[in-house]
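Residues per chain, in single letters:
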Amino acid sequence: MPKLKVVTFGCQANELDSARIVGLLARDGYTLTDDESEADLIILNGCSIRDKAEQKLYSRLGTLRALKARRPNLRLGVAGCLGQREGETLRRRFPYLDLVVGNGEHLVEIPRLLSAAAVRLSSAAIPPTGFFPADVEVHRDSRYRAWVGVMEGCDNFCTFCVVPHTRGRERSRPPDEILGEVAALRDRGYREITLLGQTVNSYGLKLEPPVSFAALLRRIDRVVGPYVRVRFATSHPKDVTAELAEAMASLPSVCPHMHLPIQSGSSRTLARMGRTYSREEYLDKVQLLRAAVPDLSLTTDIIVGFPGESDKGFEETLSLMREVGFDAAFAFKFSPRRGTPAADFPDQVPDSVRAERLAAVLSLQDELSLRKNGKWIGRRVEVLVDCELSKRGSGLAGGRTRQNKIVHFTGGEVEEGTLANVQITGGTSHHLKGVLIPSL
Ligand code: 5AD
Ligand code: SF4
């Protein structure tokens, strides 16, 4: 049996693509290994969102080259957004690569490329327009937690972002196909399903007839009932509607958590980013959601040092963070990406300033997260037990609340994938601490 290792860089969409690659190659007899030294095929599923992500993959390729020199039968491939964007360059720069493929339906070309004598570049230069085929079983490495892709691509063309170029135009899977996948997961005992899409809440707007994301959630809720948690990521503020807030409030399966990237607190910067909403409009959406969904947890993405971001503009990001009080924030220094408009904006911010601003955002968010988490002390929460989050050294079990907060708790053994009731006794900026409430 040939052995396969897939290394994933980047976001949850890439994690899902890796699981698809594993499922696809399982049909050709490949089994998974963690050990590079016994792999017959290593695929690096690459990310292009920021320069750092690309550099990480290049340095990994450097080490793998040495391994391949020792084991000439080892085959190496690059897939994903990086393959999509840099296909030709990768082939020139790393001639020892056996295959390079892009995203979406291009992934399906991997088996053919592996059997072809000559290299080895898929049609990656053309952005994907379709979907990974629904009849290929996605590999599931968890027996209780699963991702389900509901839409692909993005039409927003934010001026900093490569995603519309690497993942192609926005397109949604038909609802019946999604419901079929969700029902199969329910039947196999899955307890948490995360619906994925670049702008997941823009789901279905281009379907014929259109199906709103809220309508999809309602149909999924009917299929899974209250015992499965349904999450979704990532949401775009422009498609946060009263209908979606209402669906989140009323559907028992849907978790009270939204990842809602703001990117900047300055309306001027937001306009230059092409985000299509102002600071005030974002705040209105937050209010709409919070009025409908008690205990909603809100997380966000922030870019610092976008071209032309003044000290005052940056201060507006800090003040927005305070005003909203995010539960968590992922912050990034602006990384100019070739082929995107912002890379050519004349007023680039020096890296030293970007670094300072990043540190300021991270430190403020630490403070805000600590305060937010402190509010849970004394409350009882439902935790989906996840062994990856346990702290074996200190004997603590781990899991996540419906708000997606990590909880470490004492009080006994609980089986992975089950729901536990936990009394919260403390919190840091990264997680909550608690004690198991024994079930009667
Ligand atoms: N530079 C820095 N951060 C970026 N992101 C996307 N493109 C860039 C870029 N060029 C961030 C955004 C997005 C997250 C996935 O990555 O915050 O929401
Ligand atoms: Fe990129 Fe903007 Fe699309 Fe998000 S909405 S994937 S940031 S272009």
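The rules behind the values
Residues numbered from 1 in each chain as written. Chains lettered and ligands numbered in written order. Predicted model: local features only at pLDDT ≥ 70, side-chain atom pairs only at ≥ 80, totals over all residues. Heavy atoms only, no water. Domains from an automatic or database assignment. Contact = heavy atoms within 4.5 Å. Buried area = accessible area lost by both parts, 1.4 Å probe. Polar contact = N/O pair within 3.5 Å; in protein donor to acceptor, adjacent residues only side chain to side chain. Pairing = 2+ DSSP bridges. Helix = DSSP H or I, 4+ residues; strand = E, 2+ residues; numbered from the N terminus. Axes fitted to C-alpha atoms, helices over the stretch in contact; angles between N-to-C directions.

**Here we look at the domain arrangement of the protein**
Phase 1: Here the protein is partitioned into domain 1 (3–125), domain 2 (142–255), domain 3 (265–375) and domain 4 (380–436).
Phase 2: Of note, the centres of domain 1 and domain 2, computed from C-alpha atoms alone, are 27 Å apart.
Phase 3: Facing the 13 residues of domain 1 at the interface are 13 residues of domain 2.
Phase 4: Among the residues of domain 1 in contact with domain 2, Gln-12, Leu-16 and Ile-49 are the three that bury the most area, contributing 38% of the side total.
Phase 5: For the interface between domain 1 and domain 2, the tally reads four residue pairs in polar contact (both at pLDDT 80 or more).

**Section: the sheet that holds strand β10 (residues 229–233)**
Phase 1: With parallel pairing, the three strands of this open sheet are ordered in space as β6-β9-β10. The sheet is open, and its two edges are formed by β6 (145–149) and β10, each paired on a single side. Across the sheet, the mean angle separating the axes of adjacent strands is 25 degrees when strand polarity is ignored.
Phase 2: Strand direction decides the pairing type here: strand β9 (residues 192–196) and β10, joined by five bridges, are parallel. Paired with Leu-196 across the strands is Ala-233, a residue of β10.
Phase 3: Across the sheet, helix α1 (residues 12–26) touches β6, β9 and β10, and the angle it forms with β6 is around 95 degrees.
Phase 4: Sheet strands touched by helix α7 (residues 213–224): β9 and β10. Its angle to β10, the strand with the most contacts, is close to 155 degrees.

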